[in-house]
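Take a look at the letters that make up each chain.
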Amino acid sequence: MIRFRVSAMLLALLLLAPHAAIAQAAVQYTHADTLRGTVGPARAWWDVTFYDLHVRVDPADSSLVGHNAIVYRVLASGREMQIDLQAPLQVDRVIQGGLSLAWRRDGDAFFVTLESSPRVGDLDTLTVYYHGKPRVATNPPWDGGLIPVSDSLGRTWVATANQGLGASVWWPTKDTQTDEPDDGQRIAITVPNPLVNVSNGRLRSVINHPDGTTTYEWFVEEPINNYNVTITAGHYAHFGDFYDGEGGVLTLDYWPVDYHVEKAREQFQQVRPMLECFEHWFGPYPWYRDGFKLIETPHLGMEHQSAIAYGNGYQNGYRGRDLSGTGLGLDWDFIIIHESAHEWWGNNLTSADLADMWVHESFANYAESLYTECMHGTAAGADYAIGTRSGIRNNR
Ligand SMILES: [Zn+2]
């Protein structure tokens with residue numbers, strides 16, 4: 001079961017923000033929470049090895065249509081599979097081996113019955129076709145869903161954020177942190193021209209269609225938390241760099257909105273010292289194969305794996321504020337440092353249970369102090385850590 005429903009970033013805010021509300025109403029857990037947070041019998045017998053996700057986005061009405069081919073290894077006997085897809089999205093059909101399978105809906109979960117019991121050790125594929133208008137986030141990234149907005153020139157900008165809420169808010173998946181696709185994921189997103197979609201991993205192809213849309217095919221080679229998978233479609237510019245790091249040559253790719261290129265070139269210089277510091281303390285950046293990216297987003301930020309969401313306004317601190325009260329937090333960009341730290345703590349090392357997201361957040365918060373230490377020495381790192389204590393509250 002899920003013991004809390006606040007997002008981990010919100011949790012960090014509760015821990016750190018000096019005047020954040022601290023009382024949480026007693027949480028009532030539902031049957032849907034139990035299905036979402038438990039590795040039940042319809043989840044335990046199969047292990048995801050690959051997701052092949054294809055989604056067409058229509059920003060005009062905030063709708064999606066797509067399919068996800070789920071490749072999985074059979075670990076034990078079982079015939080019923082739980083696939084998560086949150087209302088109001090609709091499953092259109094579930095296909096395996098050319099056959100349409102029966103399913104029953106139980107809230108935000110679908111229980112699919114296979115034609116026959118697979119053999120243990122088999123590698124099988126189940127494809128879920130779906131469509132609909134997903135929940136729209138009202139206060140992202142604290143509140144998740146699709147984020148259909150405009151940039152400051154009034155042009156379409158669409159993103160997703162769904163930490164805590166779960167990836168199944170916009171695509172059909174096994175929505176648990178216990179099972180990542182071992183061989184990675186394709187994320188092929190089709191958007192109307194001239195939007196450019198930036199997702200996780202590397203861009204493999206760009207396919208123009210006669211109907212005025214373009215498919216951006218991104219590919220993640222490493223296992224990925226499903227809450228990190230993202231759509232980010234807007235009027236992006238791109239520039240890149242290379243970092244000679246502990247794991248070889250790492251590609252750095254930056255995707256600011258086109259009118260922010262100069263600001264991004266300045267602010268994103270903090271990536272190199274961040275990598276130097278964190279590789280020193282934590283070991284090689286975990287995703288050399290998938291690269292490092294910062295993507296400007298309409299929300300504050302999120303640790304989207306190999307595609308860090310950046311919305312801190314090209315300023316230092318946390319939206320220009322120092323969470324430690326020492327002034328040291330104004331020497332660096334909170335979102336670049338904190339969200340990138342999650343590549344080690346949260347994305348590479350992931351808690352099995354959503355209820356243990358404090359593991360991700362506490363190490364990312366500690367990383368802020370380490371970064372301060374890298375920049376200004378041991379005493380400064382300690383001062384930053386001590387300063388952030390003033391934001392700690394006991395909510396019991
Ligand atoms: Zn965080």
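First, a word on scope: everything that follows refers to the structure included in this document. Source: prediction; values computed, not measured.

Analysis parameters
Residues numbered from 1 in each chain as written. Predicted model: local features only at pLDDT ≥ 70, side-chain atom pairs only at ≥ 80, totals over all residues. Heavy atoms only, no water. Pairing = 2+ DSSP bridges. Helix = DSSP H or I, 4+ residues; strand = E, 2+ residues; numbered from the N terminus. Axes fitted to C-alpha atoms, helices over the stretch in contact; angles between N-to-C directions. Donors = N, O, S within 2.8 Å, 3.2 Å for Na, K, Ca; no water. Buried < 20%, exposed > 50% of the residue type's maximum accessible area, 1.4 Å probe, protein only. Salt bridge = Lys/Arg side-chain N within 4 Å of Asp/Glu carboxyl O.

As for the sheet that holds strand S3 (residues 80–84)
Turning to step 1, where the next piece is worked out: The three strands are arranged S3-S7-S6 in an open sheet whose pairing can be described as antiparallel. Only two strands of the sheet have a single neighbouring strand rather than two, namely S3 and strand S6 (102–106). Direction aside, neighbouring strands of the sheet carry axes that sit 25 degrees apart on average.

Brief notes about the coordination of the zinc ion
Turning to step 1, where the next piece is worked out: Those protein atoms acting as donors to the zinc ion are His338 (NE2), His342 (NE2) and Glu361 (OE), and they sit at 2.0 to 2.1 Å.
Turning to step 2, where the next piece is worked out: One chain supplies every donor for the zinc ion, spaced along it as H-x3-H-x18-E. Of the two residues, His342 is situated in the loop between helix H6 (334–341) and helix H7 (358–376) and Glu361 in helix H7; the sequence distance between them amounts to 19 residues.
Turning to step 3, where the next piece is worked out: According to the relative accessible area criterion, His342 is buried, its value standing at 0%.

Points about the pattern of salt bridges
Turning to step 1, where the next piece is worked out: Following the criterion strictly, the structure yields 14 salt bridges and no others.
Turning to step 2, where the next piece is worked out: Among the ionic pairs, Arg135 bridges to Asp143, the shortest N-O distance being 2.6 Å.
Turning to step 3, where the next piece is worked out: Judged by relative accessible area, Arg135 falls into the partly exposed class, the value being 35%.
Turning to step 4, where the next piece is worked out: Judged by relative accessible area, which is 16%, Asp143 ranks as buried.
Turning to step 5, where the next piece is worked out: Close ionic contact of Arg289 with Glu222 constitutes a salt bridge, the shortest N to O distance being 3.2 Å. With Arg289 in the loop between helix H5 (271–282) and strand S18 (292–296) and Glu222 in the loop between strand S14 (213–220) and strand S15 (232–234), this residue pair connects regions lying 67 residues apart in the sequence.
Turning to step 6, where the next piece is worked out: Arg289 sits in the partly exposed class, given a relative accessible area of 44%.
Turning to step 7, where the next piece is worked out: Look at the salt bridges and you will find they share partners, linking Asp52, Arg186 and Glu217 into a network.

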